[in-house]
Amino acid sequence: MQKKMGEAVARVARKVNDTVENKTDSLDLANCKLMTFPVGIYKAMRSVTEGIHSISLANNELKSLTGRFVTTFSQLRELNLAGNYLHRLPEEVTSLLHLRAINLSRNRFRRFPEPLAAVTTLETIDLEENEIVAAEEPAGWFPSACWEEAGRSWWPPKDAEVPAEKLASMASLRSLNLRDNPVGPDVRLLIRPLVPFDLLLSPEEPVPKA
C-alpha cells in the first residue's frame, strides 16, 4: 500500500515538474489516486498558473474542489473532473471567465451545479452518469413546455434540480450531456427552440404494461 502511494506521489511530482519546466498550458493529473488537490502544487506552480488553460483530474477520488483551486487557475479553458466523488462546486467557479468546457461525468451530483449557469463562456457541460433528478410537476399546473405565467407560478420552479430558465440564458452553451441521469419528463421537454443548446439524454425507458 505504501509503495503504491509513494508511486502515486512521485507520478504527481513528475507531471507537475514537467509542466513547470516546459511551460506547457496543460496539467494532467488523471489517475493519480488523489483524494484532495495537493496544496504543495500551488507553490510549485506559482510561476506558471496564469498560463494553464487545461487541467485533468479525472479518475481520482476527489470529494470536493476548493475555491483556492479555482482562483489559482483562473485562466482555465477546459476542466476535466470526470470519475470522482464530487457533489457540488464552489461558488468561485463563477470567476472562471474563460472556461469553455467542463467534464463532471461519473460523479455524485444530485442537482445541476448552479455556479456553472453564471459562467457565460461555457460551451459544453458533461454531467453524464450522475444522480440528477428533476422535480415533479405539481398536479393541475400547465405543461412544462409552455412556461406561461397565466396567473400561476412559473415552471420549472426556481429550486428545480435542472434550472431550465438559467440554462436557456447561457448564450455560449452548445451542449449539455445528462445521459444516464434519472431526470424527469419535464427535462425532456427542454429542446430547441425552447433552449439554444443540444440536450443529450438517455432513451426514455418504456412504461411497463399492466
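Residues numbered from 1 in each chain as written. Predicted model: local features only at pLDDT ≥ 70, side-chain atom pairs only at ≥ 80, totals over all residues. Heavy atoms only, no water.

*Asks:* Can you tell me about the overall build of the protein chain, naming the residues and giving the values?
*Replies:* Per the secondary structure count, the protein chain includes 4 helices and 7 strands. The secondary structure elements of the protein chain, listed N-terminal to C-terminal, are α-β-α-β-α-β-β-β-α-β-β. By the burial criterion, 41% of the 210 residues in the protein chain qualify as buried. Sequence-distant contacts, at least 24 apart, represent 52% of the contacts inside the protein chain between residues at least 6 apart. (Helix = DSSP H or I, 4+ residues; strand = E, 2+ residues; numbered from the N terminus. Buried < 20%, exposed > 50% of the residue type's maximum accessible area, 1.4 Å probe, protein only. Contact = heavy atoms within 4.5 Å.)

*Asks:* Which residues make up the packing of aromatic side chains, and what values do they have?
*Replies:* If you walk through the whole model with that rule in mind, you get 5 aromatic pairs. Here Phe37 and Phe69 contribute two aromatic rings whose centre-to-centre distance is 5.0 Å and whose plane-to-plane angle is 70°, an arrangement assigned as edge-to-face. Remark: Phe69 occurs in helix H3 (residues 67–72) and Phe37 occurs in the loop between strand S1 (26–28) and helix H2 (40–44); sequence separation between them is 32 residues. Each member of the pair, Phe37 as well as Phe69, carries the same accessibility label: buried. Consider the rings of Phe69 and Phe73, whose centres lie 5.3 Å apart with planes at 50°: the pair is tilted. Owing to a relative accessible area of 0%, Phe73 belongs among the buried residues under this scheme. A network of ring pairs unites the aromatic residues Phe37, Tyr42, Phe69 and Phe73 as a single cluster. (Phe/Tyr/Trp six-rings, centres within 6.5 Å; stacked < 30°, edge-to-face > 60°.)

*Asks:* Please provide a residue-by-residue account of the nonpolar core, values included.
*Replies:* Counting residues in each nonpolar core, the largest one holds 53 residues, and the members touching the most others are Leu57, Phe69, Ile125 and Leu178. The element contributing the most residues to this core is helix H1 (residues 2–22), with 3 residues. Ignoring sequence-local partners within four residues, the contact set of Leu57 consists of Leu29, Ala30, Leu34, Phe37, Leu62, Leu65, Phe69, Asn80, Leu81, Ala82 and Asn84. (Core = buried A, V, L, I, M, F, W, Y, C linked by side-chain atoms within 4.5 Å.)

*Asks:* Break down the pattern of salt bridges for me, citing the residues and quoting the values.
*Replies:* Within the structure shown, the criterion is met by 2 salt bridges. Two residues, Glu114 and Lys166, come together in a salt bridge whose shortest N-O distance is 2.6 Å. Residue Glu114 is located in the loop between strand S4 (101–103) and strand S5 (124–126), and its partner Lys166 is located in helix H4 (residues 164–168); the two are separated by 52 residues in the primary sequence. Given the relative accessible area of 26%, Glu114 is considered partly exposed. On the basis of relative accessible area, Lys166 is assigned to the partly exposed category, the value being 43%. (Salt bridge = Lys/Arg side-chain N within 4 Å of Asp/Glu carboxyl O.)

*Asks:* Tell me what's going on with the sheet that holds S4, and back it up with residues and numbers.
*Replies:* In any sheet, the strands associate via hydrogen bonds between backbone groups, in a parallel or an antiparallel arrangement. Taken together, 7 strands build an open sheet; the order of strands is S1-S2-S3-S4-S5-S6-S7 and the sheet is parallel. Strands with a single pairing partner mark the edges of an open sheet, and in this sheet they are S1 and strand S7 (198–200). Each adjacent strand pair in this sheet contributes to an overall mean axis angle of 5°, direction not counted. As judged from the 3 bridges shared by strand S3 (residues 78–80) and S4, these two strands associate in the parallel manner. Among the inter-strand pairings, Asn80 is bridged to a residue of S4, identified as Asn103. (Pairing = 2+ DSSP bridges. Axes fitted to C-alpha atoms, helices over the stretch in contact; angles between N-to-C directions.)

*Asks:* Tell me about the environment of Ala101, and name the residues and values.
*Replies:* Relative to the assigned elements, Ala101 resides in strand S4. A C-alpha to C-alpha distance of 9.6 Å links Ala101 and Ser175, two positions 74 residues apart in sequence. In this view, Ala101 contacts Arg77, Glu78, Leu79, Leu122 and Thr124; residues no more than four positions away in its chain are not counted.

*Asks:* With reference to specific residues and values, describe the side chain of Ser105.
*Replies:* Its location among the elements puts Ser105 in the loop between S4 and S5. The exposure class of Ser105 is buried, given its relative accessible area of 8%. When sequence neighbours within four positions are dropped, the list of residues in contact with Ser105 reads Leu81, Ala82, Gly83, Asp126, Leu127, Glu128 and Asn130.

*Asks:* Give a description of unusual backbone geometry that names residues and reports values.
*Replies:* Among all residues save glycine, negative phi is the norm, and among peptide bonds the norm is trans. Look at Asn59: it is not a glycine, yet its phi comes out positive at around 60°. Tracing the chain through its elements places Asn59 in the loop between strand S2 (54–56) and H3. The phi torsion at Glu129 lies on the positive side, around 60°, for a residue other than glycine. Assignment of secondary structure puts Glu129 in the loop between S5 and H4. Overall, the relative accessible area of 41% leaves Glu129 in the partly exposed class.

*Asks:* Give a description of the confidence of the model for the protein chain that names residues and reports values.
*Replies:* Here the protein chain shows a mean pLDDT of 85. Residues at 70 or above account for 81%. With pLDDT under 50 throughout, residues 135–159 is counted as low confidence; its partners more than four residues away or in other chains account for 33 contacts. (pLDDT = per-residue confidence, 0-100.)

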